[in-house]
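One letter stands for each residue in the lines below.
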Amino acid sequence: MKGTLNLVGYGLSAIGPAIATGMIFAAYISGVARQPEARSVLQPIAFLGFALAEALALFGLVLAFVL
Amino acid sequence: MRSLHLLSAEGGGFVPPSSNDFNFPSFFHNNQYFTKPILLVFLSVLLISVFFIMASRKAAIVPSKLQFAGESIYGFVRNDLAKDIIGHEFMRFVPYLFTLFVFILTNNIFGIVPLLQFPTMSHVSFPYVLAIFTFVIFHYIGIRKQGIGKYVKDIMFMPGVPKAAYILLTPIEIATYLITRPLTLGLRLFANMFAGHLLLLVFILGGDHLLKGVIGLKLISPFAFAFGIGLTFFEFLVQCLQAYIFTLLTALYIAGALADEH
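Residues numbered from 1 in each chain as written. Chains lettered and ligands numbered in written order. Predicted model: local features only at pLDDT ≥ 70, side-chain atom pairs only at ≥ 80, totals over all residues.

- Annotation of chain A in UniProt includes, under Sequence similarities (unreviewed entry), the sentence "Belongs to the ATPase C chain family."
- Per its UniProt entry, chain A bears the Subcellular location (unreviewed entry) comment "Membrane". (UniProt positions renumbered as here; feature names shortened; annotations may be inferred.)

Okay, here's the thing in structure tokens:
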């Protein structure tokens, strides 16, 4: 790919996962705020959701290097 | 990215780290495959075996520190990952899940250990082989439990969905089970380790380059190094998290294959 178009593409594609991560942890914080005993129950779910969303951001980063 | 390289190298300045930094020369001339990552994988297997053999020797009721450490790692995988997720028949899968977790964790931690400093999972083949193992295992388990006809029918035509939705749902389900799951499982681990190592390289090599510059740049270099140190801790968190996520998703896929559909 000519020039730095892949960097621009990566930057744009990182918006989605960033919003997704914010929403996931906002939900986790709300859940723990309403019921602090639920912290250890919600924690694996929060981290699972975070990793799934972050995977998409990392696909973009890797493709920015490869192309 | 490549054009940036040529521009910066011509000016005699900083050459930013790239995917070339992940290629290592071989140690021996007649065998091109014996490189640093291969050595690190062998070392990780050696370390894991020695640690767990020593932790389980002379197992006493009141555990020593080494035994306690080994048992807590095993207990974590067995209880939180296998028993809570797979449920009834979890003991069959604990060896595989435990091996997966400890192997990925050790290889990831090599990314921040001094003198080693290379996460072997940032070479594409290692995560993908593990993802292929998981793929073969969870499909084999599903086929053996439900028979191949019913298993394929349950994937393609998910029960409890109105029939008209099958036009949209079936291609998505087939793509998910056959392509997306193994692909993203391996790619998630690889991309996290690749990106993390690259970040560390940028800050530490960049700080080193700033240190050799004029006095104004020399004063900025401590910030680059401080950021490098902070990122090392963050990398540790990401490495542990990625090992946990890989094992968790494997357990979830196995649990999905074992689940009785009503």
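## So, the overall build of chain B
- Per the secondary structure count, chain B includes eight helices and zero strands.
- Relative to its length of 262 residues, chain B is extended, with a C-alpha radius of gyration of 23 Å against a globular reference of 18 Å.
- Expressed as a percentage of its 262 residues, the buried residues of chain B come to 28%.
- Restricting the contact set of chain B to residue pairs at least 6 apart, pairs at least 24 apart contribute 62%. (Helix = DSSP H or I, 4+ residues; strand = E, 2+ residues; numbered from the N terminus. Rg over C-alpha atoms; globule rule 2.2 N^0.38 Å. Buried ≥ 20, exposed ≤ 12 C-beta atoms within 10 Å, placed from the backbone. Contact = placed C-beta atoms within 7 Å.)

## A closer look at the overall build of chain A
- Within chain A, the secondary structure is distributed over three helices and zero strands.
- Taken from the N to the C terminus, the helices and strands of chain A come in the order α-α-α.
- Taken over the C-alpha atoms alone, chain A extends approximately 55 × 15 × 10 Å along its principal axes.
- Considering chain A as a whole, with its 67 residues, one finds that 7% of them fall into the buried category.
- Once local pairs closer than 6 in sequence are excluded, the contacts in chain A between residues at least 24 apart make up 72%.

## Considering the packing of helix H1 (residues 5-13) of chain A against helix H3 (residues 39-66) of chain A
Residue and element names in this part refer to chain A.
- Where H1 meets H3, the closest approach of the two axes is 9 Å, and the angle between their N-to-C directions is 180°. Between H1 and H3, the angle falls in the class roughly antiparallel. Residues Asn6, Leu7, Gly9, Tyr10 and Ser13 of H1 pack against Gly60, Leu61 and Ala64 of H3. (Axes fitted to C-alpha atoms, helices over the stretch in contact; angles between N-to-C directions. Parallel < 35°, antiparallel > 145°, perpendicular 65-115°, else oblique.)

## A word on the environment of B:Phe246
All names here are of chain B.
- Looking at where Phe246 falls in the secondary structure, it is placed in helix H8 (residues 215-258).
- Since 28 C-beta atoms lie within 10 Å of it, Phe246 is described here as buried.
- Apart from the residues within four sequence positions on either side, Phe246 is in contact with Leu100, Ile104, Leu185 and Leu189.

## Observations concerning the UniProt feature "transmembrane region" (unreviewed entry) in chain A
All names here are of chain A.
- Here the UniProt-annotated "transmembrane region" (unreviewed entry) positions come out as residues 7-29 and 41-66.
- Structurally, residues 7-29 comprises 96% helix and 0% strand, and the distance from its first C-alpha atom to its last is 33 Å.
- End C-alpha atoms of residues 41-66 are separated by 39 Å, and the span's content is 100% helix alongside 0% strand.

## Comments concerning helix H2 (residues 15-34) of chain A
- For H2(A), spanning 20 residues, the distance from its first C-alpha to its last is 29 Å, which sits close to the expected 28 Å at 1.5 Å a residue.
- When you tally the buried positions in H2(A), you get zero out of 20 residues, a small fraction of the element. (Expected span 1.5 Å × (residues − 1).)

## Some details on the interface of chain A and chain B
- Counting from both sides, the interface comprises 13 residues of chain A and, opposite them, 14 residues of chain B.
- In terms of residue class, the side of chain A that touches chain B is made up of ten nonpolar, three polar and no charged. (Nonpolar A, V, L, I, M, F, W, Y, C, P; charged D, E, K, R; others polar.)

## A few points about helix H5 (residues 125-146) of chain B
Residue and element names in this part refer to chain B.
- The terminal C-alpha atoms of H5 lie 32 Å apart, and with 22 residues this matches the ideal 32 Å at 1.5 Å per residue to within 8%.
- Considered for burial, the residues of H5 that qualify are Phe126, Pro127, Leu130, Ala131, Thr134, Phe135, Phe138, Ile141 and Gly142.
- Of the surrounding elements, those touching the buried residues of H5 are helix H4 (94-109), helix H6 (148-156), helix H7 (166-211) and H8.
- A positive backbone phi angle near 80° is found at Gly147, which sits one or two residues after H5.

## Some words on the confidence of the model for chain B
Residues and elements named next belong to chain B.
- Averaged over all residues, the pLDDT of chain B equals 86, while 94% of them reach at least 70.
- No element of chain B has a lower mean pLDDT than helix H1 (residues 2-10), at 50, and none a higher one than H4, at 94.
- Low confidence marks residues 7-11, where pLDDT is under 50. Its contacts with residues over four positions away, or in another chain, come to five contacts.
- Across the whole predicted complex the pTM is 0.86, and at the interface the ipTM reaches 0.77. (pLDDT = per-residue confidence, 0-100.)

## Quick look at the UniProt feature "domain: V-ATPase proteolipid subunit C-like" (unreviewed entry) in chain A
- The sites that carry the UniProt feature "domain: V-ATPase proteolipid subunit C-like" (unreviewed entry) are, in the present numbering, residues 10-67 of chain A.
- Regarding residues 10-67 of chain A, the helix share stands at 90% and the strand share at 0%, and the terminal C-alpha atoms are separated by 11 Å.

## Some remarks on the packing of H5(B) against H7(B)
Residues and elements named next belong to chain B.
- At their nearest, the axes of H5 and H7 sit 8 Å apart, and the two run at 150° to each other. Our classification of the angle between H5 and H7 gives roughly antiparallel. Regarding H5 and H7, the two cross each other, and that crossing is right-handed. Note on element contacts: H7 touches H5 through Arg181, Pro182, Leu185, Gly186, Leu189 and Phe190, opposite Pro127, Tyr128, Leu130, Ala131, Ile132, Thr134 and Phe135. (Left-handed = near helix turned anticlockwise from the far one by under 90°.)

## Considering the environment of A:Ser40
- Relative to the helices and strands, A:Ser40 resides in helix H3.
- A sequence separation of 21 residues divides A:Ser40 from A:Ile19, and the C-alpha atoms of the two residues are 24 Å apart.

## Considerations on the environment of B:Ile179
Residue and element names in this part refer to chain B.
- In this fold, Ile179 is placed in helix H7.
- Judged by C-beta crowding, with 10 C-beta atoms within 10 Å, Ile179 ranks as exposed.
- For the pair Ile179 and Phe135, spaced 44 residues apart in the sequence, the C-alpha separation amounts to 9.7 Å.

## Some thoughts on the confidence of the model for chain A
- On average, chain A scores 89 in pLDDT, and the residues at 70 or more come to 100%.
- Within chain A, the lowest mean pLDDT, 85, falls on H3(A), and the highest, 95, falls on H2(A).

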